[in-house]
2 protein chains.
Amino acid sequence: MSLIDHLADELARLPGIGRKTALRLTYHLLKTPQDEAARLADAIVAVSERVHACGRCGNFTERAECNICESSRRDVSIICVVEEASDIGAIERTGEYRGLYHVLGGRLSPLDGIGPAELNIAPLLERLDRAGTVREVLLATNPSVEGEATALYLHKLISPLGLRVTRIARGLPVGGDLEYADGVTIAEALHGRREL
Amino acid sequence: MSLIDHLADELARLPGIGRKTALRLTYHLLKTPQDEAARLADAIVAVSERVHACGRCGNFTERAECNICESSRRDVSIICVVEEASDIGAIERTGEYRGLYHVLGGRLSPLDGIGPAELNIAPLLERLDRAGTVREVLLATNPSVEGEATALYLHKLISPLGLRVTRIARGLPVGGDLEYADGVTIAEALHGRREL
C-alpha cells in the first residue's frame, strides 16, 4: 500500500471523516510544509501520551489533578456530573458555572452492557462522603433516554445523603422555533415553565 | 496553552475542519489507544517526508518516478494534462484511461500572479519534443474559467507541433437533472451533442 493510501486509511478511521475527505486531507498534508505536518503529528502524539484523566474528577489533564480541581477559585459546594470529559468544555465555555465536576465516563445503557459498575459512580459517592463541603449535585447527563435514566438512578442514590440534587433544564433551544420543535421538547418546555 | 487546545488548533488548520470538528477529533484521539494515535502521527510524517513529485510527470510518488511513468503497460502515445496531482487519482479510479499524465501544478490565473512560467508547461513541451511517441495531448484541466483558459493556452502552444489536442467533454453530469442544471452547462451539453 502506498503511503498516501495508508494515511488516507488512518484519517478515514476518525469520526465524521469519510474516504473522500480523508483523501482531500492527505493531499492537503502533501502540500503542507514538512515542519507544519510534523507539528500536527507531534500534537497528536503529545495528546495521546500525556493527557489522561484527572485523579479526582475524571476531567482531561496533563498533571495528576486538573485545573478545575486544583483551582482555589471554584465553588466546592457544588459538583456537576457529566457523561464525558468533553462535556466539561461545553459547560466551561458558557462561563456560567463555577463549581466542580465529576465525569461518569458514559451513561447507563443495559443493552450495551453498561451498568452502574462500569461508570465512575462509586468514586462520586466517595467524594460526596469524604469532602463534606458539597451541598448540591447538578446532574448534567445528556437529555437522551439513557442520560435521563442515569440522572434518575443517581438521584435515587444521592438524595438519601441529604444533598440537593438538581437536573439541567430541558426546553426549547435558544433561537429555536416552536413550529419545528419535536413534541417531547415542547412538552418539557411547558412542564418547565417559569414565572416571568 | 494546553495540549488539547494545541492539537485542536493544529487540526483546525486543515481544510474543511472547523473549531468544533477539531475539538471532536481531539477528544476522539484522546480515547484512541496510544499505538493507534501513533500510527496516524507516523503516517502524517511519512507522507510529508517521503512523498514528492514524480520527476517526469509530477504525480505523487515515493521514488524518483511514479508507478504510471514506470509502468510498461501504459499507452505512451497519449498524455493527459491535469492541474493537480490529486486529479490523477480521480481519473485512475474510473479505469477508463491507460495513457500517461502531466501535472501542471495549477492553472493560469493572472489575478493571482500565476502565468505560464509558474506552471510546469516547459517540461511538458520538452516531454512532447523528446519522447517522440506522443500523438495526443488530452487537456483535463477543470471546466472552470481558469481551467478553460489554461486549456486554450496549451492548445495554441501544442497544436503547431502536429499533435492531436483534445479536451475532456463538458455536459450534464450523469444522474443530473436538466431542470436544475445551470444554463452554461446545458448550452455546453447541446453544443457537444453526439449521434446515437
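Residues numbered from 1 in each chain as written. Chains lettered and ligands numbered in written order. Predicted model: local features only at pLDDT ≥ 70, side-chain atom pairs only at ≥ 80, totals over all residues. Heavy atoms only, no water.

Engineer: Looking at this structure, how should I read the packing of helix α1 (residues 3-12) of chain A against helix α3 (residues 34-50) of chain B?
Structural biologist: A pair of packed helices is characterised by two quantities: the angle between their axes and the separation of those axes. α3 of chain B packs onto α1 of chain A with a crossing angle of 145 degrees between their chain directions and a minimal axis gap of 9 Å. In this structure, α1 of chain A meets α3 of chain B at a crossing whose hand is left-handed. On α3 of chain B, the residues touching L3, I4, H6, L7, E10 and L11 of chain A of α1 of chain A are E36, R39, L40, A43, I44, A46, V47 and R50 of chain B. Taken together, the residues that form the contact of α1 of chain A with α3 of chain B break down as nine nonpolar, one polar and four charged. (Axes fitted to C-alpha atoms, helices over the stretch in contact; angles between N-to-C directions. Helix = DSSP H or I, 4+ residues; strand = E, 2+ residues; numbered from the N terminus. Left-handed = near helix turned anticlockwise from the far one by under 90°. Contact = heavy atoms within 4.5 Å. Nonpolar A, V, L, I, M, F, W, Y, C, P; charged D, E, K, R; others polar.)

Engineer: Quick question: what am I supposed to make of the interface of chain A and chain B here?
Structural biologist: One frequent convention defines the size of an interface as the accessible area lost when the parts assemble. Contacts between the two partners involve 40 residues from chain A, matched on the other side by 40 residues from chain B. Across the chain A to chain B interface the summed buried area is about 4100 Å²; carbon plus sulfur atoms make up 72%. For the interface between chain A and chain B, the tally reads six salt bridges. Two residues, K31 of chain A and E84 of chain B, come together in a salt bridge whose shortest N-O distance is 3.5 Å. At the surface where chain A touches chain B, the tally comes to eight residue pairs in polar contact (both at pLDDT 80 or more). Considering each element in turn, the side of chain A that touches chain B owes the most residues, 14 residues, to helix α3 (residues 34-50) of chain A. Broken down by class, the residue content of the side of chain A that touches chain B amounts to 22 nonpolar, seven polar and 11 charged. (Buried area = accessible area lost by both parts, 1.4 Å probe. Salt bridge = Lys/Arg side-chain N within 4 Å of Asp/Glu carboxyl O. Polar contact = N/O pair within 3.5 Å; in protein donor to acceptor, adjacent residues only side chain to side chain.)

Engineer: Would you take a moment to explain α3 of chain A for this structure?
Structural biologist: Structurally, the α-helix is built with 3.6 residues per turn, so residues lying three or four positions apart point the same way. Taking 1.5 Å per residue, 17 residues should reach 24 Å; α3 of chain A reaches 24 Å between its end C-alpha atoms and fits that length. Those residues of α3 of chain A that sit buried are A37, L40, A41, A43, I44, A46, V47 and S48 of chain A. Taken together, the buried residues of α3 of chain A touch α2 (19-31) of chain A together with α1 (3-12), α2 (19-31) and α3 of chain B. (Expected span 1.5 Å × (residues − 1). Buried < 20%, exposed > 50% of the residue type's maximum accessible area, 1.4 Å probe, protein only.)

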